Amino acid sequence: MNAPVLAGRSVRGATALRGGGVRRPTPYQVFGFLFWLVVSLAYWRVPLCCDAGLDAAVVERLTADLVDPRHPVADLPGAGSPLYSPYAFAQAVAARLTGLGGWEVVRLSGPVNLLVLLTGLGRFVRMLGPRPWAPVLALAALTLLWGTRPLPGTGSLGLLPLTSGLGAPTVCALGLTLWAWALTGTRARDAGPDGRPGQVRFVGPSGLPSPVGHVLLGALYGVVLLVDPVVAVGAAAGAAALIASRRGRGRGRGRERGQGRRRGSGRGTVERRAGSVRGRVRAAVAGRWGLTALTAGAVAWSWPYYVPFGALGEGGVPAVPLGACWLALSAGLPALWLRVRRDGWRDPLVLMAGAVGAVLVAVMAVVAVMAYGWSVGGQVGRGPAVGGLVALALAPLQCAAAVELAAPRPWSAGRRLLGAVAAAGVGAGLLGAQAGAVVPRAWDPVGFPQPPGGPSYAWAAQHVGRGEVVLAEGRDTVHGLAGHGLDVVAPAVADPAVDEGERRRRLADVRAYLSPGSTGAERAAVVRRYEVRWVLLTRQREVPQGAVVVTWSERTGEVLARVGRPGPAHPRARPAATR
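Just so it is clear, the structure is predicted and the values come from calculations on it, not from any experiment.

**Thoughts on the overall build of the protein**
Per the secondary structure count, the protein includes 19 helices and seven strands. Within the protein, buried positions represent 50% of all 579 residues. Relative to all contacts within the protein whose residues are 6 or more apart in sequence, the contacts with residues 24 or more apart total 74%. Total accessible area on the protein stands at roughly 27,200 Å², and carbon and sulfur atoms take up 62% of it.

**Here we look at the pairing of strand β5 (residues 548-552)**
The pairing of β5 with strand β6 (residues 559-562) spans four bridges and is classified as antiparallel. By the bridge assignment for β6, Trp552 is matched with Val559.

**With respect to the pairing of β6**
In the sheet, strand β4 (residues 532-537) pairs with β6 via four bridges, with the strands oriented antiparallel. In the strand pairing of β6, Trp534 is matched with Arg562. Hairpin connection of β5 to β6: six residues between the antiparallel strands, including Gly557 at a positive phi of 80°.

**Here we look at unusual backbone geometry**
Backbone geometry follows two general trends: most residues other than glycine have a negative phi, and most peptide bonds adopt the trans configuration. Pro410 follows Arg409 through a cis peptide bond whose omega is 5°. Within the secondary structure layout, Pro410 lies in the loop between α14 (387-405) and α15 (413-434).

**A few points about the side chain of Arg503**
Within the secondary structure layout, Arg503 lies in helix α18 (residues 500-514). Once residues within four sequence positions are removed from consideration, Arg503 is found in contact with Ala490, Pro491, Ala492, Val493, Ala494 and Val498.

**Overview of helix α12 (residues 326-343)**
Taking 1.5 Å per residue, 18 residues should reach 26 Å; α12 reaches 25 Å between its end C-alpha atoms and fits that length. By the burial criterion, the buried members of α12 are Leu327, Ala328, Ala331, Gly332, Ala335, Leu336, Leu338, Arg339 and Val340. At the C-terminal side of α12, Gly344 shows a positive phi close to 90°.

**Considerations on the environment of Val224**
Turning to its location among the elements, Val224 is positioned in helix α9 (residues 211-227). C-alpha of Val224 to C-alpha of Ala296: the two residues are 72 residues apart in sequence and 9.1 Å apart in space. Dropping the residues within four chain positions of it, Val224 is found in contact with Ala173, Leu176, Thr177, Pro229, Val231 and Ala232.

Basis of the calculations
Residues numbered from 1 in each chain as written. Predicted model: local features only at pLDDT ≥ 70, side-chain atom pairs only at ≥ 80, totals over all residues. Heavy atoms only, no water. Helix = DSSP H or I, 4+ residues; strand = E, 2+ residues; numbered from the N terminus. Buried < 20%, exposed > 50% of the residue type's maximum accessible area, 1.4 Å probe, protein only. Contact = heavy atoms within 4.5 Å. Areas by Shrake-Rupley, 256 points an atom, 1.4 Å probe, with all protein chains shown as cover. Pairing = 2+ DSSP bridges. Expected span 1.5 Å × (residues − 1).

Shown next, in the form of structure tokens:
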């Protein structure tokens, strides 16, 4: 017996079948965990604002009734509201199991959304290539390489918007989209070029991936469609580009190989049989992708709360300012050009940038037409929320820059120039728009833009029974009150669950009640019509005659007053939760 065996030492190569050794964390796992920790803490320190109150209201309504929830904001039927998505349903189930309120669940959803986003980004970039530092650079590009001014609204992946809107459903939809793109690219690659089976781990009798995987992938796209229909449009365009890039490359190589064999051997019968087999394989692959699309549509149509295709929502920006994304364009377009010169126009990131960018342009054109129609009709609206779609359109450019800069040295002159542009862009984006996300105002020596923080309405909610009707104006005020389980007279934004004419009549009644020229009889009619028990007034409004001031906010100067005759409690009234 030799010495290594007697000494009990492992011989080199003996652990090859067992893996051997301790697995070290990858660079992305280390930096991704640090990023998750810092951004989660930054998100928790910023007061929830904007549409977070609406998200909390959705959780409150679903927690109260998972089968037939009321409208999230007003005492109206909630059937058909696109706010009741699988994301909100999961939040409500978590709230029921833990006993937490809507605000607490929205708070805790932020780190979960960030985890989905980070894991999806890592999987997507690894699908593009094996370079270990590419996901780390992609994370830096997606959060810093935007512009020198923050993009307004939710859904942006910039560092500053993330710290204020991390709990938004759009962030979860973006993370799920990155996962779906990664799985789509992997399955398109595993199908092999020109219909030939590729290198796969689990295959069926035909040598192709199992249809079960395509069904699960379709279900994932269906969930994205239900959570954010606008993001789902961009997700579908990116998936089609990924499939086209893999298939296109394979067809070219297959034709070259086939022509070489025909010229060299002349075995026509064998070639015809091989071509017939490839045709059947191509048909099977196309059938699997058709099954994916069919499953996505079936999941979306089978959702019991609403039909997703008619609900694009409201709250987007009327246009994408160039100052909010020009850094991504300055570094991403040269990176795409390098990939075109090396791999041709069938490069997946090139096709994805073109496809999702075209969808963004089309959606923005629709928004412009809608805005023009509203202006002609004297109405006010802002169209569908496109912040998430902007993030998807810029993601291929940002990932292209990251993958190119993760290449091993020596670099060409073009790649060195790209690295200088990207480094300058990251620095400009951090100092010009994103640094305030992680630098508190007390430690800020420069005056970086800070995340928006809205006022809390817990001071008012503690006096109002949950389900009692409050007359208030303003989008943030209405959503902040609804987040505590209170009903307001008029929803602040359009919703398919509420007839638009009814919503506008309610808004007109709110304005009439608060108008200084209204009489006591007119105000009393509004109170009786909607069973109003409370009025929340801004500091510019005078307290109406007959209203009794109960409390006020020292921060905003808003006043909560009781109106109407004391009567029986509201059928759904119970003490309101506080934040």
